[in-house]
Protein chains: 2
Amino acid sequence: MNTTRRTLTCAMLMFTSMACLPAKVSGDEGMYLFNDLPANQLKERYQFEPSGDWADHLRLSSVRFNSGGSGSFISSDGLVLTNHHVASDTLHKLSTPEMNLIENGYLAKTLDQELKAPDLELNQLVSIEDVTARVKAGVKEDASDEDAVKQRRAIISTIEKESFEQTGLRSDVVTLYGGAKYHLYCYKKYTDVRLVWAPETEAAFFGGDADNFEYPRYNLDATIMRVYEEGKPAKLEHFLSWNKNPLSEGELVFVSGNPGRTQRIFTVEALEYLRDERIPYVLDFLRRKEILMQQFGLEGTEQARRARDELFGIQNARKAYSGMLGGLQDPQTIAQKTQRQEKLLAELKKNPELQHLASAWTEIEEIQDVKREMIDRSVSLRSTLFGLALQTVLLAGEDAKANELRLREFTDSSRESLMQELLSTAPIYRDLELAKLSDEISRLIISRGADDELVQKILDGKAPRERAAALIEGTNLDSVEYRKETIDGGQAAIDSSDDAMIRLALLIEPEYRSVREQNEAIEERERQAYAQVAEAITAMEGTSGYPDATFTLRLAFGTVKGYVEDGKMIKPTTNFAGAFQHAASHKGQADFDLPQSWMKAKDTIDLQTQLNFVCTADIIGGNSGSPVVDRNGELVGLIFDGNIQSLTSDYLYSDEQSRAVSVSGVGILEALRSIYNAGELADSIGK
Amino acid sequence: MNTTRRTLTCAMLMFTSMACLPAKVSGDEGMYLFNDLPANQLKERYQFEPSGDWADHLRLSSVRFNSGGSGSFISSDGLVLTNHHVASDTLHKLSTPEMNLIENGYLAKTLDQELKAPDLELNQLVSIEDVTARVKAGVKEDASDEDAVKQRRAIISTIEKESFEQTGLRSDVVTLYGGAKYHLYCYKKYTDVRLVWAPETEAAFFGGDADNFEYPRYNLDATIMRVYEEGKPAKLEHFLSWNKNPLSEGELVFVSGNPGRTQRIFTVEALEYLRDERIPYVLDFLRRKEILMQQFGLEGTEQARRARDELFGIQNARKAYSGMLGGLQDPQTIAQKTQRQEKLLAELKKNPELQHLASAWTEIEEIQDVKREMIDRSVSLRSTLFGLALQTVLLAGEDAKANELRLREFTDSSRESLMQELLSTAPIYRDLELAKLSDEISRLIISRGADDELVQKILDGKAPRERAAALIEGTNLDSVEYRKETIDGGQAAIDSSDDAMIRLALLIEPEYRSVREQNEAIEERERQAYAQVAEAITAMEGTSGYPDATFTLRLAFGTVKGYVEDGKMIKPTTNFAGAFQHAASHKGQADFDLPQSWMKAKDTIDLQTQLNFVCTADIIGGNSGSPVVDRNGELVGLIFDGNIQSLTSDYLYSDEQSRAVSVSGVGILEALRSIYNAGELADSIGK
């Protein structure tokens, strides 16, 4: 249900799901598990030995956004800091033609002005437990791929359900090291989240798509929300206090957030599949959707407002994938990976006890061929109304099954989160839905062929746009009440429904289930193969390291550090004065106007205040909104982007040029006080 | 070398080349040959019998633009009327950062202020001769496809060369009715063409991409140029006088212009190939280039200016292809075509003398499979500098051959036009070239695969952008003098050249020639098959009709007529008052601001003057800039667009909703006088 997200949110997650062990760790590389922190590296490289309390406090002060980003608690009375672009999904849903929060920003002067997000869920990671043995015991050794999927799903559902019933916490079993380990993560959920302050997009996304993934930057990509419990601001034990001093080059910093996905363990053949098939396919898809959203926005200013948040997310993903492809198309990248792989395999084959693991590489190579065939088989039409219909239809079917047999998102322990999505009060725009659904039907004709039986049934003798119009005309799913009734009515309500979108979802459901089952079987094969690869790498190279990213909480570290680009040294920090200069030197260009609030406040802002900075910490999409803290665990910054050189981090990290980009904590405070007339809010932060 | 063009210019031509006989003619359908005018239809439907002089005068007053559009002579001293978007290629090439003609418009107050276009060529059709017998005699009956291509090319080159040497005229043999007929077209060429007047883009492209292919419209999509001979304004015998009265609904009008391509004879299987493979492929390509150009434009206002003309052309083509695909994805379209085809084939098979022709349909079906395989084989990197390098390299090779053995564009009779292109003084922007070439190399990696030997040689161990940068750094081909030297130096200069782009072209040349040869062999097979289809259709349905469009001069006819859209009647004409209302009702939207000149002149303009109108004449891309004349042969309008319903005209024409959109002649005169302070120019028109 989540729309695509900008910059470092999880947009990149939408197309793949594997997540594995990294290659040999070097420099400031690494996204570490909170129950397996890099004590040795920190001690050796930085003479820093974090205490257990230090780590626990940081973990419990960190939150994950279900909309695809990260955040942190920053006051005892529930304040949460994240990026504007992480909050923008909520800002968009709360906006109306008359009150455009994304464009104009917002400030609640009192608690009762704080605006409740329609479907936001924040997760605070309370505990981690290793359940590897139990999961592995639940899957029979001689099971087929299809059976293994089901057995693993069953044992995981059971573990999650037991935990949920025991603790009342959201309980997720996370697959780590490509299936070598399974950890049970328990989260406290916050589902009453309200908007406190957001700047204008002109400030938050200053420089627009042109400056995205670039540096130096001057962005106030920050928003403050507040979590509530029982209708009152939540009382928090763990929250970050703020360092009131600017950062200097060389300072050690830590990032605590939820990197979405990396694929650093990928074999050469898997990377080649990404380079030759998957990423080109995804880029064609993204460009198609980018143009679609642009065209829709041309119909009027209100249409532009409706399309804007999604458009930004698409543009961001397109730029990120282009960077990834650029790296993979560099012959040196594959040469480097090939060299290492060949060396490893050669050594492996000499080792009588490990040589059986070499078959994993062949297996992965074969899996790529299957993926190639499956690349265009999806029948899930990307439209909010169809998504709701399909979820509703699937829900009825899944509810008839025992918990451990259900698809992942329909288990008992996931129910509350699912309902939060299905019954969201976020507006649904029928004109935008029409544009999206027409395009999706047209795309389906191309991907499955016009003669495909299912396609012909979907079309019902009509052209794509005509059919989409009839479907949208014939559905009531944009009414929350109607959705609730239908869900409550269960299978009987679904079967007797004459809602056009529900009928369409029923038509598509069998094929959706079939394709999903096939994809999950492929993932299972891949998981098993990468578990062997992980075993081989650990045995041969002695990596302890960290597992590939899984959109779960990780700790990264690094230093505030400039870098050389095209022979020029880029300084690690920027300030408000730079923002005004940047605006002046790009006068007349779209997205380079600072907002009126900044122009008016220019004389009162301390222009030397630090605004953005870069550090070497290893981050990726999903880390958006992550707090950056210093040795004392005090907040110094807010991750919002990576530079263009970091876009290969998905499969290859290097701290030579790759940098994480943050808003400075001091910059946020200065903006609140000097620009946004929010001194009280600023005063309450960190307390 | 021509960049893509907006609206009804020939952008759509870039991807296919077949051009054939149409289906059964109905209503105001038809793009007729000037040597085979639809006398019966005009007499029956409109009681109009044009004299030979009427037709000759109209033909000799019409011109074709080599940049991909049409135009007309409108004064005895060389004035030429065309669209702003046809002229924009020239406007772009004449612009500098300081003098942005596309954005700001232009008016030459005196002859010496008229600006010479760097590489424009206008063609006036002087004569048509049927050379079918001679061409057919030149191809042996038992020749293989490859040999047939060569033999046909040889006889055509010979005919063209003889004609050129006899007459001094540009001489082109045109393939008509899918290869059933060949006509020799002789053109007088004008290569000294100067800019006289152009409005601002805000007026010419008012409503931008949002209004493109829409109606009602309010666009002043007009530009006036002048042809020169021997440094002086050409003295013209044939030019159009202007009707000073506005058009009324129901009036009979004629369009004389150069429709680029239609494919109305296409078999069902050929249309399915378009729907399933070709158009989706082209749309992916166009969206890729659209985003590329947009991204380049984000780098700064000057970059935006450099990318703008090409971006507009791409956006236009993308919208046109989307409309074409939409029609083909309507199950009714294919059902209708299938029904007719099945009926025809059934009847054909009953006829002992004609039944052998039925094999053509099977042949065409098989050809689609070959095309499917060839779809992504092109190695021609779309960048101006690479294009120049490849042309230069090919030229040296072709010059070593006898005239009749050369590739089409390198024959003696084409030499002057080729040189006009190769030695154009239009600026070449290295930053834009870098963006384009990087993208093309990246695209080639995807289409041919990273392991492809040629791709590896092209990359030379570097990433696409790095390699493109080295190529552009290492070439001098942006210098006209250098190009001239290299061309004059012939094969020896090429062989010893250390210019990086020339070296690249030499590397790619063999594969380019091979792919081209394969494509031409496929076209030959298709031509032969469609000649049989044409024969069958003519025999069974008795169609005399017109051949599919071939970017040669045609006459279309129709009436000024509104149409019903979504149950609402759309009136056929608009006026200046409507333009101001349209601007007001789209306030705040991009591309809906009228220029300052219009706002200033609002009180002096006669707001009731007709501005745009629609008629039922059958037009397509390439018709842009075509004059619209009345029964008296007097100019009443200037074609600039088709409505969205006309986008299926490529393969299916219907005058129910499909409309050609024109600027009114009276609107142009009013604008010149009341807005552009160009009364003298207005007075000289038609005289």
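Owing to the predicted nature of the structure, the values given are computational and were not obtained by experimental measurement.

Cut-offs and rules
- Residues numbered from 1 in each chain as written.
- Chains lettered and ligands numbered in written order.
- Predicted model: local features only at pLDDT ≥ 70, side-chain atom pairs only at ≥ 80, totals over all residues.
- Heavy atoms only, no water.
- Pairing = 2+ DSSP bridges.
- Helix = DSSP H or I, 4+ residues; strand = E, 2+ residues; numbered from the N terminus.
- Buried < 20%, exposed > 50% of the residue type's maximum accessible area, 1.4 Å probe, protein only.
- Expected span 1.5 Å × (residues − 1).
- Contact = heavy atoms within 4.5 Å.
- Lys, Arg positive; Asp, Glu negative; His and termini not counted.
- Salt bridge = Lys/Arg side-chain N within 4 Å of Asp/Glu carboxyl O.
- Core = buried A, V, L, I, M, F, W, Y, C linked by side-chain atoms within 4.5 Å.
- Least-squares fit on C-alpha atoms with pLDDT ≥ 70 in both.
- Buried area = accessible area lost by both parts, 1.4 Å probe.
- Polar contact = N/O pair within 3.5 Å; in protein donor to acceptor, adjacent residues only side chain to side chain.
- Domains from an automatic or database assignment.
- Axes fitted to C-alpha atoms, helices over the stretch in contact; angles between N-to-C directions.
- Parallel < 35°, antiparallel > 145°, perpendicular 65-115°, else oblique.
- Left-handed = near helix turned anticlockwise from the far one by under 90°.

## Things to note about the sheet that holds strand S18 (residues 610–615) of chain B
All names here are of chain B.
- If you walk across this open sheet you meet the eight strands as S1-S14-S13-S19-S20-S21-S18-S17, and the pairing is antiparallel. The sheet is open, and its two edges are formed by strand S1 (32–33) and strand S17 (573–575), each paired on a single side.
- Taken together, the two bridges between strand S13 (residues 252–257) and strand S19 (residues 627–629) define a ladder with antiparallel strand orientation. Its bridge partner being in S19, phenylalanine 254 is matched across the sheet by valine 629.

## A word on the pairing of S13(B)
- Among the six residues of S13(B), six are classified as buried, and the element is accordingly described as predominantly covered.
- The side-chain alternation of S13(B) yields two buried faces, one formed by B:Leu252, B:Phe254 and B:Ser256 and the other by B:Val253, B:Val255 and B:Gly257.

## What about helix H6 (residues 145–167) of chain A?
Residues and elements named next belong to chain A.
- With 23 residues, H6 extends 32 Å from end C-alpha to end C-alpha; this agrees with the ideal 33 Å at 1.5 Å per step.
- Residues of H6 that are buried: Ala148, Val149, Gln151, Arg152, Arg153, Ala154, Ile155, Ile156, Ser157, Ile159, Glu160 and Ser163.
- Those residues of H6 hidden inside the fold are in contact with helix H5 (132–137), strand S8 (170–176), strand S9 (181–190) and helix H19 (500–541).
- In the stretch just after H6, glycine 168 is the one whose phi turns positive, near 75 degrees.

## Description of the pairing of strand S3 (residues 69–73) of chain B
Residue and element names in this part refer to chain B.
- Within S3, five of the five residues are buried, leaving the element largely enclosed by the surrounding structure.
- Here S3 shows two buried faces, one formed by Gly69, Gly71 and Phe73 and the other by Ser70 and Ser72.
- In this sheet, S3 lies alongside strand S2 (residues 62–65) in antiparallel orientation, the contact comprising four bridges. For serine 62, the partnering residue across the bridge sits in S3 and is serine 72.
- The sheet contact formed by S3 and strand S4 (residues 79–82) spans two bridges and is antiparallel.

## Details of the side chain of B:Asp330
- In this structure, B:Asp330 sits in the loop between helix H10 (301–328) and helix H11 (331–350).
- Put simply, B:Asp330 is tucked away with no salt bridge, and the nearest opposite charge, on B:Arg275, sits 9.5 Å away.
- Dropping the residues within four chain positions of it, B:Asp330 is found in contact with A:Gly461, A:Lys462 and A:Ala463.

## Describing the nonpolar core
- By size, the foremost hydrophobic cluster in this structure holds 68 residues, and its most contacted members are A:Ile224 and A:Trp598.
- The residues touching A:Trp598, leaving out its near neighbours within four places in the chain, are A:Glu200, A:Ala203, A:Leu220, A:Phe576, A:Ala579, A:Phe580, A:Ile605, A:Leu611, A:Ile675 and A:Tyr676.
- Of all hydrophobic cores here, the second largest spans 67 residues; its members include B:Tyr32, B:Phe48, B:Phe557 and B:Tyr563.

## Focus: the relation of the copies chain A and chain B
- Expressed as a screw operation, the relation of chain A to chain B combines 0.0 Å of axial shift with a rotation of 180 degrees, fitting to an RMSD of 0.0 Å. What the rotation and shift describe, once combined, is the action of a two-fold rotation axis.
- A shared binding surface is used by both copies, with 100% of the interface residues of chain A retained as interface residues in chain B.

## Considering the interface of chain A and chain B
- At the interface, 35 residues of chain A touch 35 residues of chain B.
- Interface of chain A and chain B: buried area, both sides summed, is about 2900 Å²; carbon and sulfur atoms make up 53% of it.
- Inspection of the region where chain A meets chain B yields zero salt bridges.
- The interface formed by chain A and chain B holds 11 residue pairs in polar contact (both at pLDDT 80 or more) in total.
- The set of elements that each furnish at least two residues to the side of chain A that touches chain B consists of helix H8 (208–211), helix H9 (268–297), helix H10 (301–328), helix H11 (331–350) and helix H15 (430–448) of chain A.

## Here's the deal with the sheet that holds strand S19 (residues 627–629) of chain A
Residues and elements named next belong to chain A.
- Sheet architecture is open: eight strands sit in the order S1-S14-S13-S19-S20-S21-S18-S17, paired in antiparallel fashion. Looking along the sheet, the strands with just one partner apiece sit at the ends: strand S1 (32–33) and strand S17 (573–575).
- Pairing between S19 and strand S20 (residues 635–642): three bridges, direction antiparallel. Following the sheet pairing, proline 627 is matched in S20 by leucine 638.

## A closer look at the domain arrangement of chain A
All names here are of chain A.
- Considered domain by domain, chain A is made up of domain 1 (10–121 + 191–264 + 548–684) and domain 2 (268–375).
- For the domain 1 and domain 2 pair, buried surface summed over both sides reaches about 2500 Å², with 60% attributable to carbon and sulfur atoms.
- Run the count over domain 1 and domain 2 and you get two salt bridges.
- Residue glutamate 103 is joined to arginine 308 by a salt bridge in which the shortest nitrogen-to-oxygen separation is 3.1 Å.
- Put simply, domain 1 and domain 2 have 12 residue pairs in polar contact (both at pLDDT 80 or more) between them.
- Secondary structure elements with two or more residues in the side of domain 1 that touches domain 2: helix H3 (84–94), helix H4 (101–104) and H8.

## A word on the packing of helix H13 (residues 384–399) of chain A against helix H14 (residues 415–422) of chain A
Residues and elements named next belong to chain A.
- Between H13 and H14, the least distance of the axes is 11 Å, while the angle of their chain directions is 150 degrees. What the angle tells us is that H13 and H14 run roughly antiparallel. Handedness of the crossing formed by H13 with H14: left-handed. Between H13 and H14, the contacting residues are Leu388, Gln391, Thr392, Leu395 and Asp399 on the first element and Arg415, Leu418, Met419, Glu421 and Leu422 on the second.

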